[in-house]
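Results of the structural survey
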Amino acid sequence: MEWGSESAAVRRHRVGVERREGAAAAPPPEREAGAQEPLVDGCSGGGRTRKRSPGGSGGASRGAGTGLSEVRAALGLALYLIALRTLVQLSLQQLVLRGAAGHRGEFDALQARDYLEHITSIGPRTTGSPENEILTVHYLLEQIKLIEVQSNSLHKISVDVQRPTGSFSIDFLGGFTSYYDNITNVVVKLEPRDGAQHAVLANCHFDSVANSPGASDDAVSCSVMLEVLRVLSTSSEALHHAVIFLFNGAEENVLQASHGFITQHPWASLIRAFINLEAAGVGGKELVFQTGPENPWLVQAYVSAAKHPFASVVAQEVFQSGIIPSDTDFRIYRDFGNIPGIDLAFIENGYIYHTKYDTADRILTDSIQRAGDNILAVLKHLATSDMLAAASKYRHGNMVFFDVLGLFVIAYPSRIGSIINYMVVMGVVLYLGKKFLQPKHKTGNYKKDFLCGLGITLISWFTSLVTVLIIAVFISLIGQSLSWYNHFYVSVCLYGTATVAKIILIHTLAKRFYYMINFIYLAKSTKKTMLTLTLVCAITFLLVCSGTFFPYSSNPANPKPKRVFLQHMTRTFHDLEGNAVKRDSGIWINGFDYTGISHITPHIPEINDSIRAHCEENAPLCGFPWYLPVHFLIRKNWYLPAPEVSPRNPPHFRLISKEQTPWDSIKLTFEATGPSHMSFYVRAHKGSTLSQWSLGNGTPVTSKGGDYFVFYSHGLQASAWQFWIEVQVSEEHPEGMVTVAIAAHYLSGEDKRSPQLDALKEKFPDWTFPSAWVCTYDLFVF
């Protein structure tokens, strides 16, 4: 066989045999240094020549000879991971309280915790309930009065209880319109004794979702704000600007209270910036995950003042992309107030968010101290800064920001980030261009080397992704999905090992044919590594398939419940003449994760796939009482037959008038009365369109699927809800021009319960959190 056509694998085998023979074989005569030695281009399959260095033995053997043993490589990797984990732990240690709390002028986490425990002891606080509108408001006003008595004479405190009514449309959850009536805001203005022309807003909300005490969402935020108010008001340091504290009582009602404040309250005109403290979990660090429009000065204020900074522009990009179906008051101040601001949120342990486990004892005192220190420092910085008065001069672009181990924040304008990115791209292009254009005798065959290496890398990534998807699909098909939910390391041992093993396998196969691949490896061999990874993946896979790792937990120390919504409802469908043509009752069940009810059926046999809910094709949103327009996120739900519900405060819906307008549209005016929360749905028939209505800005906004969704809520002593819609009819149809429906949700008081609902809830296993309420649904055609 000629040397020039000998394969790389055969050549490496022959050279290895010759070396093992040692002194028993006569060494071949050395070639002259710099002589041309033909080598095989394994990537392209053709031959080429390369210069060989004196004493060299070919690219493949040279690459392999410089590698480490697998044991040393594994040890090095382990040390790297340990060091990385240590750095993470050091970052988490920034949570630890620094110094004694309670000194004058300092934030006292224990005092804030006292506020928190009092608020959560009231119980769930839905908008319109006595717990929210009376008990919580009374407690807040009582504490604010005590703070006012203790305040320094340098400052002046003004308090206002606002009860706004209004309407707006947003593109959240596919788009819908919100209407609120007589909801509650408690507003406190802390300012210099002589007054102030500008203000910074500190926002929190004290309402909660139904059936949850809402410690993290968001009683803890208002507790922090109360303590910040106390510290600032007793400080002997003079403020240059006002600080307005908004304790809003209807954030869970899709941001209604903040809209009522920013669009209607007279103090809103003073605001030049805001800080909003939210929760996406229970405790941990409070992450800066959104910043307002064109506010580099505000980010710099946080960078300069925050004691324990933690921020990431990546979190902002993810949140604002809409991937996470959630929103905060930040949107309202940005879109309706055009005010720059900072959004902070507790982000750890989201498993118990909006559940019965969201209690005050689960909120770390360290987390409260950390959040309070940061907010107090930033508010004080802004209230004494000259920038606040001239905020409009500094609004010239967005910011890139991130913290380094919680020690400090790096922030720079996004335009600088763009310049850096362009420079890096240009540098790479120039370098590659120089390499590609150099004579072949100087760079060898760099172009083929580069493209082959790039291709192998992309192939390894793609095949690893396909491998993980195949595993995930198979596990889903056998009913064992979400095994990682309660066991984080299952995802590492199953999907992580599969990914790494597949990438190493592709590169290992590649280096058999292309010697350049040797240089990217730390270890000489990867056989033991691949075997170990494959073994771990296989064992984990078998354990997952056998059902060893149950997705949920009711462990009091670390609960991870499955969330289920139960709505006991009675539905009535009317025809064009107003006659009831269909009426049914049942408990409508929604499981809010991928497993649906598969884990529940063994415990409650009557809840099974034979009672899958069927879509009413002619009704908006399939004829079910959606509380929010999330129908496009939840594909499966169940409808268990049950007796009719009979709330003591039944809803009433009627058509007040139907009239022809001068511009040939039909104006329908309605009136509705009922509980504090109702949903209104509209579907225009073929040949008809909604041209305008009395809600939002007057232009109807469709939800996903083409129907219209209106979210309604009211506080105490609200009047009847009257509104109108205009329908433009291009052609008459015997089935009418529009279908409307209204659902009444009873989220508090005795009306939210029924004997059947209580009995069904008792059957649910303790690793579930069934949130239940009574509702009615009435559909009409006009």
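The structure this text deals with has already been given above.
Summary of the structure given here.

Rules of the game
Numbering of residues starts from 1 in each chain and follows the order in which that chain's sequence is written. This being a predicted model, a pLDDT of at least 70 is required before a residue's local features are given, and a value of 80 or more before pairs of side-chain atoms are given or counted; all residues contribute to the totals for chains, interfaces and linings. In computing side-chain values, all of the structure's heavy atoms are included and hydrogens and water are not. Only rings of Phe, Tyr and Trp enter the pairing, Trp through its six-membered ring, and a pair is recorded when the two centres are within 6.5 Å. The plane angle decides the type: under 30 degrees is stacked, over 60 is edge-to-face, the rest tilted. Each helix corresponds to a stretch of at least 4 residues labelled H or I by DSSP, and each strand to a stretch of at least 2 residues labelled E; elements are numbered beginning at the N terminus. Burial here depends on accessible area, computed with a 1.4 Å probe over protein chains only, as a share of the maximum for the residue type. Under 20% is buried, over 50% is exposed, and the range in between is partly exposed. Here, any two strands with at least 2 DSSP bridges between them count as paired. Angular values range over 0 to 180 degrees, each being the angle between N-to-C directions of two axes fitted as lines to C-alpha atoms, with helices fitted over their stretch in contact. Multiplying 1.5 Å by the helix residue count minus one yields the expected span of that helix. Note on bend: at a given residue it equals the angle between the axes fitted to the 7 residues ending there and to the 7 starting there. Between two residues, a contact is recorded if the distance between any of their heavy atoms is within 4.5 Å. Like charges are joined within 9 Å and nonpolar side chains (Val, Leu, Ile, Met, Phe, Trp, Tyr) within 5 Å, but only among residues with over 30% relative accessible area and no salt bridge; these make up the patches. Only the protein chains shown count as covering a residue, and every accessible area follows the Shrake-Rupley method with a 1.4 Å probe. Just to be clear on terms, a salt bridge is a Lys or Arg side-chain nitrogen sitting within 4 Å of an Asp or Glu carboxyl oxygen. When two cysteine sulfur atoms are found within 2.5 Å, that pair is recorded as a disulfide.

1. So, the packing of aromatic side chains
Tallied over the entire structure, the rule returns 38 aromatic pairs. The interplanar angle of 85° and the centroid separation of 6.0 Å between the aromatic rings of Phe176 and Phe709 together place this pair among those described as edge-to-face. One end of the pair, Phe176, is in strand 5 (residues 176-181); the other, Phe709, is in strand 21 (residues 708-714), with 533 residues separating them in the sequence. Grouping residues by exposure puts Phe176 and Phe709 together as buried.

2. Quick notes on the sheet that holds strand 20 (residues 688-693)
Taken in spatial order, the 4 strands line up as 17-18-22-20 in an open sheet, and their pairing is antiparallel. One side of each edge strand has no neighbouring strand; the edge strands of this open sheet are strand 17 (652-660) and strand 20. This sheet shows a mean twist of 30° between the axes of neighbouring strands, independent of strand direction. Pairing analysis gives 8 bridges linking strand 17 to strand 18 (residues 665-673), with the strands arranged antiparallel.

3. What about helix 5 (residues 130-150)?
With 21 residues, helix 5 extends 29 Å from end C-alpha to end C-alpha; this agrees with the ideal 30 Å at 1.5 Å per step. Remark: the principal bend of helix 5, roughly 25°, maps to Thr136. On its buried face, helix 5 sits against helix 4 (109-121), strand 3 (155-162), strand 6 (185-192), helix 6 (215-234) and strand 8 (242-248).

4. Thoughts on the pairing of strand 9 (residues 271-279)
In regular strands, side chains alternate between the two faces of the sheet. Where burial is concerned, most of strand 9 is hidden: 8 out of the 9 residues are buried. Note that strand 7 (residues 199-205) and strand 9 share 5 bridges and pair parallel. When the bridges of strand 9 are listed, Ala202 appears paired with Ile275. Of the strand pairs in this sheet, strand 9 and strand 11 (residues 341-346) are connected by 6 bridges, and their pairing is parallel. Each bridged residue has a counterpart across the sheet, and for Asn276 the counterpart in strand 11 is Asp343.

5. Let's talk about a nonpolar patch on the surface
Taken together, the side chains of Leu77, Tyr80, Leu81, Leu84, Leu87, Phe402, Leu405, Leu407, Phe408 and Ile410 present a nonpolar region at the surface, about 900 Å² in accessible area. Residue assignment for the nonpolar patch shows that the elements contributing at least two residues are helix 3 (70-92) and strand 13 (408-413). Relative to the helices and strands, Phe408 is located in strand 13.

6. Quick look at the state of the cysteines
Per the stated rule, a full pass over the model turns up 2 disulfides. One disulfide bridge connects Cys204 with Cys222, the sulfur atoms lying 2.4 Å from each other. Judged by the sign of its S-S torsion, about 105°, the cystine formed by Cys204 and Cys222 is right-handed. Highlighted residues: Cys204 in strand 7 and Cys222 in helix 6, separated in sequence by 18 residues. The exposure class of Cys204 is buried, given its relative accessible area of 1%. Through a disulfide, Cys615 is tied to Cys622; the S-S separation comes to 2.0 Å. Torsion about the S-S bond of the Cys615 and Cys622 cystine: about -85°, corresponding to left-handed handedness. Residue classification places Cys622 among the partly exposed positions, given a relative accessible area of 29%. Here Cys537 stays free of any disulfide, with the sulfur of Cys493 as its closest cysteine sulfur at 9.3 Å.

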